[in-house]
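Close look at the chain arrangement
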Amino acid sequence: MKKKILVTGGLGFIGSHTSLKLLENNYEIIVLDNLSNSEIEVRSRISQLAKKDFDFVEGDIRDRNLLNNLFKKNKIDCVIHFAGLKAAGESEKYPLDYYDNNVVGSLVLLQEMKLANIKSIIFSSSASVYGNSPTTKCKEETQLKPISVYGKTKLTIEDILKNLYKSEPEWKIINLRYFNPIGAHFTGIIGEDSRDTPTNLIPFITEVALGKKDQLLVFGDDYNTSDGTGKRDYIHIDDLARGHLFALEKLKQEINICADINLGTGKSHSVFEVIKAFERASGKKIPYKITGRREGDIDEICADPTFASNFINWEAKYDLDKMCSDVWKWKKMNPNGYR
Ligand code: NAD
Ligand code: WQD
């Protein structure tokens, strides 16, 4: 029998690419999304690429009745939980919204899963749980000290899941800590869309390349890094989506499990390196100006992906040039995203 997966937030950036991978690998999926940061158009794009349809429920993970009915009507084997708010800067301004959506939302989801006896979950955690780590290469056991409210919501959810596992060891739980996901599907049909003006580096650079923004502001060149600009571990969205398949395989093999896994490439790149890679990929000059540091930014962060390789047999395949060329293809085909 086909395994049935509930994908919360499955029309978002990471959710859409993962949903496609699941369909391509013969999983049956139900996507639950409240469309707060995605467009219904994504559903047909995923179906177009997968050459099959899938169930979609428009709704919120905090809606207990909705989840209760959904779990009564469907035999779900596992939940992949992407739904949540993700902007670190914004989370400082709206902490209650972030705790409500991310923490309360996850709690309601877990309570309803427990009621329905569904005890298998892959949770979208984030490198932001490491905060300003004393080491630039984070292992899973590196100290967790999130700086932003957003990072704190992710760590709180990880903690809830660990407490749950301790009291009910029949659960199967994997927290995937993503580093900096970028890129798009190689066809350019799905990619990263943002309702508001993008604040992340790559989406902003694409706006500059399209001429929608005059220049990129480089937030500081006085960091303790090779060229003074911030360094991050950028990971191709296709590698990230594939990581979920490997995590699912692991969950299927184990009787019980609770693990944290970094998903990153193990290489970090500076803002200047990203600009150069994007210029190579697009053939466009990216004008930039150095400005002051952005509050909350750190010098450098990079995954130590050894555990992912040993434990789920996963390694990232794609480099920064491939990430930039896929982003550029998506952006040229969809200058206004899905709208
Ligand atoms: P996204 O905003 O593109 O996708 C999230 C999706 O969840 C959206 O489609 C949104 O409409 C939906 N959603 C939000 N709140 C919901 C709710 N209460 N009920 C139902 N649906 C809801 O974000 P993304 O980049 O795809 O990120 C997915 C997950 O991965 C998030 O949990 C995010 O925190 C985490 N993450 C993202 C990054 C990143 O840089 N993109 C890095 C680390 C972790
Ligand atoms: C990358 C680098 C900036 C924009 C964020 C979240 C994190 C995770 C991934 C969810 C930094 C510099 C950026 C610009 C710049 N998301 N920059 N000019 O901050 O590493 O991580 O996304 O879990 O939690 O915080 O990513 O793309 O914003 O920044 O110079 O206009 O680019 O200073 O060095 P970040 P980013």
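Look up: the structure comes first, before these words.
Report follows, based on the coordinates. One numbering rule holds for all chains: residues counted from 1, following each sequence as written. All chains are assigned letters beginning with A, and all ligands numbers beginning with 1, in the order in which they are written. Given that the model is predicted, a residue must reach a pLDDT of at least 70 before its local features are reported, and side-chain atom pairs must reach 80 or more before they are shown or counted; all residues, however, enter totals for whole chains, interfaces and linings. The basis for every side-chain value is the complete set of heavy atoms in the structure, and neither hydrogens nor water enter the calculation.

Some words on the site of ligand 2
The criterion, for reference: Whether a residue is near a molecule or strand depends on its heavy atoms: if one lies within 4 Å, it is near. Think of a polar contact as two N or O atoms within 3.5 Å of one another; within protein, one of them needs to be a possible hydrogen donor and the other a possible acceptor, and neighboring residues in sequence only count if both atoms come from side chains. Throughout, the Shrake-Rupley method with a 1.4 Å probe supplies accessible areas, and for residues the shown protein chains are the sole cover considered. Every helix listed is a DSSP run of H or I at least four residues long, and every strand listed is a run of E at least two residues long, numbered separately from the N terminus.
In the region of ligand 2, 19 residues are neighbours, and Tyr 150, Leu 201, Leu 217, Arg 232 and Asp 297 sit closest. Note that an oxygen atom of ligand 2 is positioned 2.9 Å from one of the side-chain N or O atoms of Asn 200. Here an oxygen atom of ligand 2 sits 2.6 Å away from a polar atom, N or O, in the side chain of Asp 297. Within the complex, the protein chains bury 86% of what would otherwise be the 690 Å² of accessible surface of ligand 2. In terms of residue count, strand E9 (residues 216-219) provides more of the shell around ligand 2 than any other element does, 4 residues in total.

Topic: the site of ligand 1
Taken together, 28 residues lie near ligand 1, and Asp 33, Asn 37, Ser 38, Asn 101 and Tyr 150 sit nearest. A distance of 3.3 Å separates an oxygen atom of ligand 1 from a polar atom in the backbone of Gly 12. Asp 60 places a polar side-chain atom, nitrogen or oxygen, 3.1 Å from a nitrogen atom of ligand 1. Relative to its free-state accessible area of 810 Å², ligand 1 is covered by the protein chains to the extent of 95%. Per-element accounting of the shell around ligand 1 gives the leading share, 3 residues, to strand E5 (residues 120-126).

So, the side chain of Asn 101
The following threshold applies: Only protein chains enter the accessibility calculation, which uses a 1.4 Å probe. A residue is then buried if its area is under 20% of the maximum for its type, exposed if over 50%, and partly exposed in between. Every residue pair with non-hydrogen atoms within 4.5 Å of one another is taken to be in contact.
Relative to the elements of secondary structure, Asn 101 occurs in helix H5 (residues 95-115). For Asn 101, a relative accessible area of 10% puts it in the buried group. Beyond its immediate chain neighbours, meaning those up to four positions away, Asn 101 contacts Ile 61, Arg 62, Gly 84, Leu 85 and Ser 106.

As for the environment of Leu 201
By the element assignment, Leu 201 lies in helix H7 (residues 201-209). Between the C-alpha atoms of Leu 201 and Trp 314, which are 113 residues apart in sequence, the distance is 26 Å. The residues touching Leu 201, leaving out its near neighbours within four places in the chain, are Leu 216, Tyr 234, Val 271 and Val 274.

Focus: helix H8 (residues 237-253)
Two residues of an α-helix separated by three or four positions point the same way, owing to the 3.6 residues in each turn. To keep it simple, the criterion reads: In this analysis, the expected span of each helix is defined as 1.5 Å times one less than the number of residues it contains.
With 17 residues, H8 extends 25 Å from end C-alpha to end C-alpha; this agrees with the ideal 24 Å at 1.5 Å per step. For H8, the tally of buried residues reaches 13 of 17 residues, placing the bulk of the element in the interior.

A word on the nonpolar core
Note the cut-off: Within this scheme, the nonpolar core is defined by two criteria: the residues are buried Ala, Val, Leu, Ile, Met, Phe, Trp, Tyr or Cys, and they are joined through side-chain atoms within 4.5 Å.
Judged by nonpolar contacts, the single largest core of 44 residues is most densely connected at Ile 5, Leu 22 and Leu 263. Here the element with the most residues in this core is H8; it accounts for 6 residues. In this structure, Leu 22 is in contact with Ile 5, Val 7, Tyr 27, Ile 29, Ile 80, Leu 245 and Leu 248, ignoring residues within four places of it in sequence. With 24 residues, the next largest nonpolar core counts Leu 32, Ala 83, Val 108 and Leu 109 among its residues.

Quick look at the packing of helix H9 (residues 271-282) against helix H11 (residues 320-333)
To keep it simple, the criterion reads: Note on method: axes are straight lines fitted to C-alpha atoms, helices fitted across the in-contact stretch only, with angles between N-to-C directions ranging 0 to 180 degrees. Here is the rule for angles: anything less than 35 degrees is roughly parallel, anything more than 145 is roughly antiparallel, 65 through 115 is roughly perpendicular, and the remaining ranges are oblique. Two helices cross in a left-handed way if the nearer one is turned anticlockwise from the farther one by less than a right angle. They cross in a right-handed way if the turn is clockwise. Only Asp, Glu, Lys and Arg are considered charged in this grouping, and only Ala, Val, Leu, Ile, Met, Phe, Trp, Tyr, Cys and Pro are considered nonpolar; every other residue, Gly among them, is considered polar.
Where H9 contacts H11, the two axes come as close as 8 Å, and the packing angle between them is 55°. By the angle class used here, H9 and H11 are oblique. For the pair H9 and H11, the crossing hand works out as right-handed. For the pair H9 and H11, the contacting residues are Glu 273, Val 274, Ala 277, Phe 278, Arg 280, Ala 281 and Ser 282 in the first and Leu 320, Asp 321, Cys 324, Ser 325, Val 327 and Trp 328 in the second. In terms of residue class, the contact of H9 with H11 is made up of 8 nonpolar, 2 polar and 3 charged.

Remarks on helix H2 (residues 41-50)
Considered for burial, the residues of H2 that qualify are Val 42, Arg 45, Ile 46, Ser 47, Leu 49 and Ala 50. Among the residues trailing H2, Lys 51 stands out with phi positive, at a value near 60°.

A look at unusual backbone geometry
Phi at Asn 117 is positive, roughly 60°, even though this residue is not glycine. Counting through the fold element by element, Asn 117 comes out in the loop between H5 and E5. Under the relative-accessibility criterion, Asn 117 is labelled exposed at 59%.

Section: the state of the cysteines
The line we're drawing: Counting rule for disulfides: a pair of cysteine sulfur atoms within 2.5 Å.
Under the counting rule described, the total for this entry stands at 0 disulfides. Cysteine Cys 258 is unpaired, with the sulfur of Cys 78 as its nearest cysteine sulfur at 13 Å. For Cys 258, a relative accessible area of 26% gives the class partly exposed. In this structure Cys 302 is not part of a disulfide, and its nearest cysteine sulfur, from Cys 138, lies 8.1 Å away.

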